[in-house]
Amino acid sequence: QVQLVESGGGLVQPGGSLRLSCVASGFTFSVYSSYVMSWYRQPPGKERELVAGITIADGSTNYADSMKGRFTISRDNAKNTVYLQMNSLKPEDTAVYYCNAQHYASVGRNYWGQGTQVTVSS
């Protein structure tokens, strides 16, 4: 059973930084892993959108255009953990941030965490 647990959200002032963590269980991070881990976010009253993704096996990454340069996704295979470093935060970054695991050979193996709230406000 795959489980994802996010942490690291909170209240931050504009221009500040936060690092979100997502600990995965039920599969192992390694060069043989078949999962892509992603961060999504859902601002108040809006649809959920992709922030960034990382292929566990080789560490390749992709970002939504609006997040490039400010956000960095990374992984720690020893800790089965994916991170999202967020810098130069803006009020419009306020959202619930979700961790996602997608097996790239099986569409049905798609898992979500419970989400962590990020609020950017002075």
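Residues numbered from 1 in each chain as written. Predicted model: local features only at pLDDT ≥ 70, side-chain atom pairs only at ≥ 80, totals over all residues. Heavy atoms only, no water.

**Details of the overall build of the protein**
If you tally the helices and strands in the protein, you get zero helices and eleven strands. Scanning the protein from its N terminus toward the C terminus, one meets helices and strands in the order β-β-β-β-β-β-β-β-β-β-β. Computed over its C-alpha atoms, the radius of gyration of the protein comes to 14 Å, within 12% of the 14 Å expected for a compact globule of 122 residues. Per-residue burial for the protein yields a buried fraction of 43% across its 122 residues. Of the accessible surface of the protein, which amounts to about 6,200 Å², a share of 47% is contributed by carbon and sulfur atoms. Both charge centroids of the protein, one from 10 positive and one from 8 negative side chains, sit 3 Å from each other. (Helix = DSSP H or I, 4+ residues; strand = E, 2+ residues; numbered from the N terminus. Rg over C-alpha atoms; globule rule 2.2 N^0.38 Å. Buried < 20%, exposed > 50% of the residue type's maximum accessible area, 1.4 Å probe, protein only. Areas by Shrake-Rupley, 256 points an atom, 1.4 Å probe, with all protein chains shown as cover. Lys, Arg positive; Asp, Glu negative; His and termini not counted. Charge placed at Lys NZ, Arg CZ, Asp CG, Glu CD.)

**Things to note about the packing of aromatic side chains**
Taken as a whole and judged by the stated rule, the model has four aromatic pairs. Measuring from ring centre to ring centre gives 4.0 Å for Phe27 and Tyr35, while their planes differ by 25°; the resulting arrangement is stacked. Just as Phe27 is buried, Tyr35 falls in that class too. Plain terms: the ring middles of Tyr98 and Trp112 are 6.4 Å apart, the flat faces sit at 85° to each other, and that makes the pair edge-to-face. Of this pair, Tyr98 sits in strand 9 (residues 95-103) while Trp112 is found in strand 10 (residues 110-112), placing the two residues 14 residues apart along the sequence. For Trp112, a relative accessible area of 37% corresponds to the partly exposed category. A connected cluster of aromatic rings, assembled from ring pairs, spans Phe27, Phe29 and Tyr35. A cation over a ring is seen here: Arg19 above Tyr83, with NZ or CZ 4.1 Å from the ring centre. (Phe/Tyr/Trp six-rings, centres within 6.5 Å; stacked < 30°, edge-to-face > 60°. Lys NZ or Arg CZ within 6 Å of the ring centre and 35° of its normal.)

**Details of the nonpolar core**
Counting 30 residues, the largest nonpolar core has Met37, Trp39, Leu84, Met86 and Tyr97 as its most contacted members. Those elements giving two or more residues to this core turn out to be strand 3 (18-25), strand 4 (35-42), strand 5 (49-55), strand 7 (71-76), strand 8 (81-86), strand 9 and strand 11 (116-120). The contact partners of Leu84, leaving out residues within four places of it in the chain, are Leu18, Arg19, Leu20, Trp39, Val51, Ala52, Phe71, Thr72, Ile73 and Tyr97. (Core = buried A, V, L, I, M, F, W, Y, C linked by side-chain atoms within 4.5 Å. Contact = heavy atoms within 4.5 Å.)

**Focus on the pairing of strand 11**
Of the two faces of strand 11, the one lined by Thr116, Val118 and Val120 is fully buried and the one lined by Gln117 and Thr119 carries no buried residue. Where strand 9 and strand 11 come together, three bridges link them in antiparallel fashion. In the sheet register, Tyr97 faces strand 11, and the bridge partner there is Thr116. (Pairing = 2+ DSSP bridges.)

**Here's the deal with the sheet that holds strand 1 (residues 3-7)**
Taken together, four strands build an open sheet; the order of strands is 1-3-8-7 and the sheet is antiparallel. Sheet topology places strand 1 and strand 7 at the edges, where each strand pairs with a single neighbour. Averaged over all pairs of adjacent strands, the angle between strand axes in this sheet comes to 15°, irrespective of strand direction. Sheet topology places strand 3 next to strand 8; six bridges connect them, and they run antiparallel. Residue pairing in the sheet places Val23 in a bridge with Thr81 of strand 8. (Axes fitted to C-alpha atoms, helices over the stretch in contact; angles between N-to-C directions.)

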